[in-house]
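Spelled out, the chains give:
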Amino acid sequence: MWDQHMHCMFSGDSDADPVLMINSAINKGLDGICFTDHLDYDYKEEPGLFDLDIAAYEKRIKRLAIVLKEKGCPINIHWGIEIGLQPHITDKNNEVAKKYPFDLVIGSSHVVNGIDPYYPAFYKGKTEHEAYTEYFESILDNLHSGADFDVYGHIDYVVRYGPDKNKYYSYERYADIIDAILKEIISQGKGIELNTAGFKYGLGHSNPTEDVLKRYHELGGEIITVGADAHKPEHVAYDFDKVSNILKDAGFMYYTVFENRVPAFIKL
Ligand SMILES: [Zn+2]
Ligand SMILES: [Zn+2]
């Protein structure tokens, strides 16, 4: 498998040495990885926290990939980015996506109407259904804003942090809005990811859940990457032993690896 969602010291919320991330991936027998460090412009809670020194990040990872390949490193190392989408900064984000030679661009919703659902303030004065619906609606807004990305990250990220997390959350309860999101992503020729961090957060499910993955496949979705969203070496490929069965149960026979932002399909 490939783990195509991980962070290292270039992200504001990770201090992991990229060499240790790579070593962990090798120890876990992966075929390849893609670094996807955070860039979140206009992050109001902690301004500048998720700014990214893209030039330094590119230099470090690309150099590591070359040096390790010369030394006979058994895995492929790709270079990507996780861009925090917000409708009013789409142009600024799109410039970044176009300017650099990324293998993969993950577009994610980390900030909704100015607040990261990571913070309890996001839920204040709202029912859970209102808060989660607001999160999903913001994904649609980003999609309609013309954001440039390859796969949408962890599309039910909000349930990691809601007061009751995913206790009352299911695909059925949000079917209309989730269907609208999935159809729009498919019509734009883009994809989603299976993010295993949901297991790490104790949700007992991937992000998005298995039911959402199944629905995505039913609607004709084909592009699906897999990532653990690790911010530490020990979390690389977290619970990847579950991935093949989750994808097969959802109807997939392939998963997707991006190189130079072009999808390739790998048999499960
Ligand atoms: Zn994310
Ligand atoms: Zn991430």
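- Per an unreviewed UniProt entry, the recorded name for the chain is Histidinol-phosphatase, and the organism is Agathobacter rectalis.
- Recorded in UniProt for the chain, the comment headed Catalytic activity (unreviewed entry) runs: "L-histidinol phosphate + H2O = L-histidinol + phosphate".
- Comment text from UniProt for the chain, heading Pathway (unreviewed entry), reads "Amino-acid biosynthesis; L-histidine biosynthesis; L-histidine from 5-phospho-alpha-D-ribose 1-diphosphate: step 8/9."

**Some points on the coordination of the zinc ion (ligand 1)**
At step 1: Here the zinc ion (ligand 1) is held by the protein donor atoms Glu82 (OE), His110 (NE2) and His154 (NE2), which lie 2.1 to 2.2 Å from it.
At step 2: Here the zinc ion (ligand 1) and the zinc ion (ligand 2) are spaced 3.4 Å apart, linked through Glu82, which binds each one. Of this pair, Glu82 sits in strand β3 (residues 76–84) while His110 sits in the loop between β4 (104–108) and α4 (128–144), and the two are 28 residues apart along the sequence. There is no split in this pair, since Glu82 and His110 are both buried.

**Structural notes on the UniProt feature "domain: PHP" (unreviewed entry) in the chain**
At step 1: When the UniProt feature table is mapped onto this chain numbering, "domain: PHP" (unreviewed entry) sits at residues 3–197.
At step 2: As annotated, residues 3–197 has a helix share of 35% and a strand share of 17%, and its two end C-alpha atoms lie 12 Å apart.

**A word on the pattern of salt bridges**
At step 1: Inspection of the entire model under this criterion finds ten salt bridges.
At step 2: When the shortest N-O distance is used, the salt bridge between Asp148 and Lys98 registers 3.3 Å. Of the two residues, Asp148 is situated in the loop between α4 and β5 (151–152) and Lys98 in helix α3 (residues 90–99); the sequence distance between them amounts to 50 residues.
At step 3: Asp148 sits in the buried class, given a relative accessible area of 17%.
At step 4: The exposure class of Lys98 is exposed, given its relative accessible area of 61%.
At step 5: As a salt-bridge pair, Arg215 and Glu218 come within 3.0 Å of each other at their nearest N and O atoms. Linking Arg215 with Glu218, this pair stays in helix α7 (residues 210–218), spanning three residues, or about one helical turn.

**Re the coordination of the zinc ion (ligand 2)**
At step 1: Coordination of the zinc ion (ligand 2) by the protein is provided by His5 (NE2), His7 (NE2), Glu82 (OE) and Asp229 (OD), with metal-donor distances spanning 2.1 to 2.2 Å.
At step 2: Coordination at the zinc ion (ligand 2) is irregular, judged from the four donor atoms that bind it and the angles of 81 to 171° they form at the metal.
At step 3: In terms of primary sequence, the donors binding the zinc ion (ligand 2) are separated according to H-x1-H-x74-E-x146-D.
At step 4: What makes Asp229 buried here is its relative accessible area of 4%.

Thresholds applied
- Residues numbered from 1 in each chain as written.
- Chains lettered and ligands numbered in written order.
- Predicted model: local features only at pLDDT ≥ 70, side-chain atom pairs only at ≥ 80, totals over all residues.
- Heavy atoms only, no water.
- UniProt positions renumbered as here; feature names shortened; annotations may be inferred.
- Donors = N, O, S within 2.8 Å, 3.2 Å for Na, K, Ca; no water.
- Helix = DSSP H or I, 4+ residues; strand = E, 2+ residues; numbered from the N terminus.
- Buried < 20%, exposed > 50% of the residue type's maximum accessible area, 1.4 Å probe, protein only.
- Salt bridge = Lys/Arg side-chain N within 4 Å of Asp/Glu carboxyl O.
- Tetrahedral: all angles 85-135°; square planar, octahedral: opposite > 155°, others 65-115°.

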